There are 2 protein chains.
Amino acid sequence: MITIKEIAKQLNMSTTTVSNVIHGKTSEVSDDTKKIVQDFLEKVDYVPNISARNLAQNESKIIGLALKARADKYENLIMDPFVSELIGGVEETIRNAGYFMMLYISSDTNEIMRHVSTWNVDGLILFGMLNDDGIRVSEKYKKPIVCIDTYSIEGLKHFTNVGLDDEQGTYDMVNYLISQGHKKIAFLSDNTNGVDLARLNGYKKALKDAKIKYSPSNFLKIRPHTKDLPESLEEICERSKEFTAIMCVSDLYAVTLMAAFADRGISVPDDISVAGFDDNMLGQLHRPALTTVHQNVKQKGTVAADTLLKQLKKIKTPNQIVLPTNLVIRDTVKKI
Amino acid sequence: MITIKEIAKQLNMSTTTVSNVIHGKTSEVSDDTKKIVQDFLEKVDYVPNISARNLAQNESKIIGLALKARADKYENLIMDPFVSELIGGVEETIRNAGYFMMLYISSDTNEIMRHVSTWNVDGLILFGMLNDDGIRVSEKYKKPIVCIDTYSIEGLKHFTNVGLDDEQGTYDMVNYLISQGHKKIAFLSDNTNGVDLARLNGYKKALKDAKIKYSPSNFLKIRPHTKDLPESLEEICERSKEFTAIMCVSDLYAVTLMAAFADRGISVPDDISVAGFDDNMLGQLHRPALTTVHQNVKQKGTVAADTLLKQLKKIKTPNQIVLPTNLVIRDTVKKI
DNA sequence: TTGTAGGCGTTATCAA
DNA sequence: TTGATAACGCCTACAA
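None of these values were measured; they are calculated from a predicted model.

Reading the values: rules and limits
- Along each chain, residue indices are assigned from 1 in the same order as the chain's sequence is written.
- Think of it this way: whatever chain is written first is A, whatever ligand is written first is 1, and the rest follow in order.
- Only residues with pLDDT of at least 70 are given local features in this predicted model, and only at 80 or more are side-chain atom pairs given and counted; all residues enter the totals for whole chains, interfaces and linings.
- Computation of side-chain values: all heavy atoms of the structure, hydrogens and water removed.
- Put simply, DSSP marks the helices as runs of H or I at least four residues long and the strands as runs of E at least two long, and each gets a number from the N terminus on.
- Only the C-alpha atoms count toward the radius of gyration. The rule for a globule is 2.2 Å times the residue count to the power 0.38.
- Per-residue accessibility, obtained with a 1.4 Å probe over protein chains only, is compared with the maximum for each type, and a residue is labelled buried under 20%, exposed over 50%, and partly exposed between these values.
- Any Phe, Tyr or Trp ring, taking Trp's six-membered ring, that has another such ring centre within 6.5 Å forms a pair; planes under 30 degrees apart are called stacked, those over 60 apart edge-to-face, and the others tilted.
- Charge over a ring is defined by NZ of Lys or CZ of Arg lying within 6 Å of the ring centre and within 35 degrees of the ring normal.
- Each copy is superposed on the other by least squares, with the fit set by C-alpha atoms of residues at a pLDDT of at least 70 in both.
- We call two residues contacting when some pair of their heavy atoms lies within 4.5 Å.
- Axis definition: a line fitted to C-alpha atoms, over the contacting stretch in the case of helices. Angles run 0 to 180 degrees between N-to-C directions.
- Convention used here: angles under 35 degrees read as roughly parallel, angles over 145 as roughly antiparallel, angles from 65 to 115 as roughly perpendicular, and any remaining angle as oblique.
- Helix crossings are classified by the rotation of the near helix relative to the far one: an anticlockwise turn of less than a right angle makes the crossing left-handed, while a clockwise turn makes it right-handed.
- The nonpolar class holds Ala, Val, Leu, Ile, Met, Phe, Trp, Tyr, Cys and Pro. Asp, Glu, Lys and Arg form the charged class, and all remaining residues, Gly among them, are polar.
- Being near a molecule or strand, for a residue, means having at least one of its heavy atoms within 4 Å of it.
- Polar contacts here mean pairs of N or O atoms no more than 3.5 Å apart (in protein, one a potential hydrogen donor and the other a potential acceptor; neighbouring residues in sequence count only if both atoms are side-chain atoms).
- Any two strands between which DSSP finds at least two bridges are classified as paired.
- As a working definition, buried area equals the accessible area (1.4 Å probe) given up by two parts on being put together, with both sides summed.
- Should a side-chain nitrogen of Lys or Arg be within 4 Å of a carboxyl oxygen of Asp or Glu, the pair is scored as a salt bridge.
- Annotation comment: domain bounds sourced from an automatic or database domain assignment.

Within chain A, the regular secondary structure consists of 13 helices and twelve strands. Computed over its C-alpha atoms, the radius of gyration of chain A comes to 26 Å, more than 25% above the 20 Å expected for a compact globule of 336 residues. When the backbone C-alpha atoms are referred to their principal axes, chain A occupies close to 85 × 40 × 35 Å. In chain A, which comprises 336 residues, the proportion classed as buried is 55%.

Next comes the structure, spelled out in structure tokens:
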């Protein structure tokens, strides 16, 4: 790999001049030398050494994407279609802006921080942080942070959040279920934190507005870890007889549930209605096609990255961005 | 961020000593000073500046994962469940070895090369390269390269390939279809290069061994790009009447096809049998569950990364690694 | 056992 | 318009 120093030597000029041409500081250099240098750069296929540049300018052109894995949930976080779509959106935006993305997956916040510090990452996108995780990070890391899907009022003082109107999403869907005549509606999720809690609240609100009583027994808990899944699905299918519709916190769970139903001869939507949340490939390819709450996941990623990029350019951004949802009525909910 | 120089100053010693302690060159330093330094490092939470280290040692501790996107195929490569599972395997292995992964997606080989050079990436994992793409890269890039799923005899002189016995996989499956009484078997794919060609060859071989004639009209071409997909699905469904079974080149296509069948009232496996290849979430969650050729995609990623890591340690590795496949018989193939 | 000094490739300051 | 030189943080050969 050829260096600026070497180029300067071969061209009988100083590194400064070469560097200036490279950076288009055209005012500083005569047209003649400019041309000479540019031709030479082209010829030798010069590529700068980023490490050296980082050291000299104290900026890395790296944006870190840190995914906090929940140890109990997936063996492999990235396999969640939601996560991979998100990464796709972030990666594309960062790349087009001339930055680089460093992906880091860990369940240990400290590990993430160490990683980010060694690389002197210019900005950080955080996903999967719970409650004050984000705040803890922002206290150590003094550069721009954008969180995705983090519910933390306190956090918004420290970082920007890109999220969804999760509550409104389930609220709308449960209202739709009610409009189709459903009264005994369960809510299925694996936890009641953050996003899941917001969706649960939307569900509860819709029930309340329709004067349907909510009971804790309406909450169906799925245990997604591979070894627990079959057993928890068995329980849920058993309990599903008490309901006419199930509002699932994600498409993945909705499709998983419908497969379990099919295995037991329970027919969707004839025996029971199912609604999802996300609108991803899984629900789109399912037959009957899943009625679900649409969100644009890729957009979530691009908006998060764009926002961070703006902050790096010192452009003011709102500290909370709420993306819309909308209902996608397909074939898994029956009018009763 | 505190530097070695600063630490040395505060401790009244030289940077060499501090550096030696950091690198565990314990023989070079007295136990007393070692302890002092270690305690101090702990206290100030020292994190090395990777750029500086890279510059000094001329190694980056980065492994590049370059995905060559085919412009015509996906808007977003990473959304392919195969790709995301692969990334998951690579990322995990690299991280556990103390390296860093830089993900780079592009359809332009030169762009990938430039990226890899600026970062002085220690090793490269390549996916999606066709024919001599990999060779072109290896001629410019003089460090270890591991390709995934690249079919290129010539290439094996230049790099290690981690692949699958794709031909055997479809061969086994088509034999199974034949054993179930099928004779009119189509093959569905979007191209006939690399992996797809190998799978097609396995299919042809099985037909030949069973003395069933292959005709080019047995090849059903799907056009996956969003705007073409519905039309190509319509054509395929129409043509499917000529066959009793369809061997699909991937689970994604098998599930996509079955959704199209369902929309037209064509029942799987009663009206037509379908087999896939990959064994991913899509086929597992489908009902009837997809009969498919299993491959361990995550393992593909981990093996590729492990192999590269070995090469970085100058450990010899075979220049071709072929992972096995096996049949997963589920419910989409009927005996006729 | 510890310290000094030079170099990695780039940028930036300031002088010529 | 161009060039010398120091600085970024770390590593290492060699000296003390």
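There is more to say after this.
This paragraph deals with the packing of aromatic side chains. In total, this model carries ten aromatic pairs over all chains according to the counting rule given. Taken together, a centroid distance of 5.2 Å and an interplanar angle of 40° make the contact between B:Phe187 and B:Tyr203 tilted. Here B:Phe187, found in strand 6 (residues 185–189), pairs with B:Tyr203, found in helix 9 (residues 194–209); they are 16 residues apart in sequence, far enough to count as distant. According to the relative accessible area criterion, B:Tyr203 is buried, its value standing at 0%. Chaining the aromatic ring pairs together yields one cluster made of A:Phe187, A:Tyr203, A:Tyr214 and A:Phe219. Directly above the ring of A:Tyr171 sits A:Lys205, whose terminal nitrogen or CZ lies 4.1 Å from the centroid.

For these two chains of identical sequence, chain A goes onto chain B by a turn of 180° and a shift of 0.0 Å along the axis, with RMSD 0.1 Å. Interpreted geometrically, this transformation is the action of a two-fold axis. In terms of C-alpha distance to the rotation axis, chain A has A:Ser51 as its closest residue, with the C-alpha 2.3 Å off the axis. By residue overlap, the copies meet face to face through one surface: 100% of the interface positions of chain A are interface positions in chain B.

This next bit is on the packing of helix 1 (residues 4–11) of chain B against helix 2 (residues 15–22) of chain B. All names here are of chain B. With their axes 8 Å apart at the nearest point, helix 1 and helix 2 run at an angle of 115° to one another. Taken together, the axis directions place helix 1 and helix 2 in an arrangement best described as roughly perpendicular. Along this stretch, helix 1 crosses helix 2, giving a crossing that reads as right-handed. The residues of helix 2 that touch helix 1, namely those facing Ile4, Lys5, Ile7 and Ala8, are Thr15, Val18, Ser19 and Ile22. Class assignment for the residues of the contact of helix 1 with helix 2 results in five nonpolar, two polar and one charged.

All names here are of chain B. Considering the arrangement of structural elements, one finds Ile236 in helix 10 (residues 229–239). Accessibility expressed as a relative area gives 3% for Ile236, which makes it buried. The spacing of Ile236 and Ala206 is 30 residues in sequence and 22 Å in space, taken between C-alpha atoms. Apart from residues lying up to four places away in sequence, Ile236 is in contact with Leu188, Leu220, Lys221, Ile222 and Leu257.

Moving on, we get to the protein's contact with DNA strand C. Near DNA strand C there are 27 residues, and of these A:Ile4, A:His23, A:Tyr46, B:Ser14 and B:Thr16 occur at the shortest range. Within 4 Å of the protein, the atoms of DNA strand C are drawn from sugar and phosphate moieties in a proportion of 73%. A distance of 2.3 Å separates a base oxygen of DNA strand C from a polar atom in the side chain of B:Thr16. Within the side chain of B:Thr17, a nitrogen or oxygen atom sits 3.3 Å from a phosphate oxygen of DNA strand C. For the surface near DNA strand C, the leading source of residues is helix 4 (residues 50–57) of chain A, giving four residues. Of the residues in the surface near DNA strand C, the class split is nine nonpolar, 14 polar and four charged.

Let us now look at the protein's contact with DNA strand D. Neighbouring DNA strand D are 26 residues; A:Thr16, B:Ile4, B:His23, B:Tyr46 and B:Arg53 lie closest to it. When the atoms of DNA strand D within 4 Å of the protein are sorted by group, sugar and phosphate make up 72%. In the environment of DNA strand D, a phosphate oxygen lies 2.9 Å from a nitrogen or oxygen atom belonging to the side chain of A:Thr33. Taking A:Ala56, its main chain carries an N or O atom lying 3.3 Å from a base oxygen of DNA strand D. Listing elements by their share of the surface near DNA strand D, those giving two or more residues are helix 2 (15–22) and helix 4 of chain A together with helix 2 and helix 4 (50–57) of chain B. When residues of the surface near DNA strand D are assigned to their parent elements, the largest contribution, four residues, is made by helix 4 of chain B. Looking at the surface near DNA strand D residue by residue, the classes come out as nine nonpolar, 14 polar and three charged.

Looking now at the sheet that holds strand 6 of chain B. All names here are of chain B. Read from one edge of the open sheet, six strands run 7-6-8-9-10-12, paired in mixed fashion. A strand with exactly one partner marks an edge of an open sheet, and here the two such strands are strand 7 (219–221) and strand 12 (326–328). Looking at each pair of strands side by side, their axes are set apart by 25° on average, direction ignored. In the sheet, strand 6 pairs with strand 8 (residues 245–248) via four bridges, with the strands oriented parallel. When the bridges of strand 8 are listed, Ala186 appears paired with Ile246.

Residue-level contacts link 48 residues of chain A with 48 residues of chain B. Each partner contributes to the roughly 4,300 Å² buried at the junction of chain A and chain B, and carbon and sulfur atoms together form 68% of this total. Of all residues in chain A, A:Thr118, A:Trp119 and A:Leu285 bury the most surface against chain B, accounting for 14% of the area lost on that side. Linking chain A with chain B are four salt bridges, by the criterion used here. Note that A:Asp45 and B:Lys140 form a salt bridge whose closest N and O atoms lie 3.6 Å from each other. Our enumeration of links across chain A and chain B arrives at eight residue pairs in polar contact (both at pLDDT 80 or more). For the side of chain A that touches chain B, the secondary-structure elements that each account for two or more residues are helix 4, helix 5 (81–96), strand 2 (100–106), helix 6 (109–118), helix 11 (251–263) and helix 12 (281–285) of chain A. Among the elements that take part in the side of chain A that touches chain B, helix 5 of chain A stands out by supplying nine residues, more than any other.

All names here are of chain A. Splitting chain A by domain gives domain 1 (4–48), domain 2 (62–164 + 297–322) and domain 3 (166–295). On a C-alpha basis, the centroid separation for the pair domain 2 and domain 3 is 28 Å. Across the contact, 13 residues belong to domain 2 and 18 residues belong to domain 3. Where domain 2 touches domain 3, the interface holds zero salt bridges. Elements represented by at least two residues in the side of domain 2 that touches domain 3 include exactly helix 5 and helix 13 (297–312).

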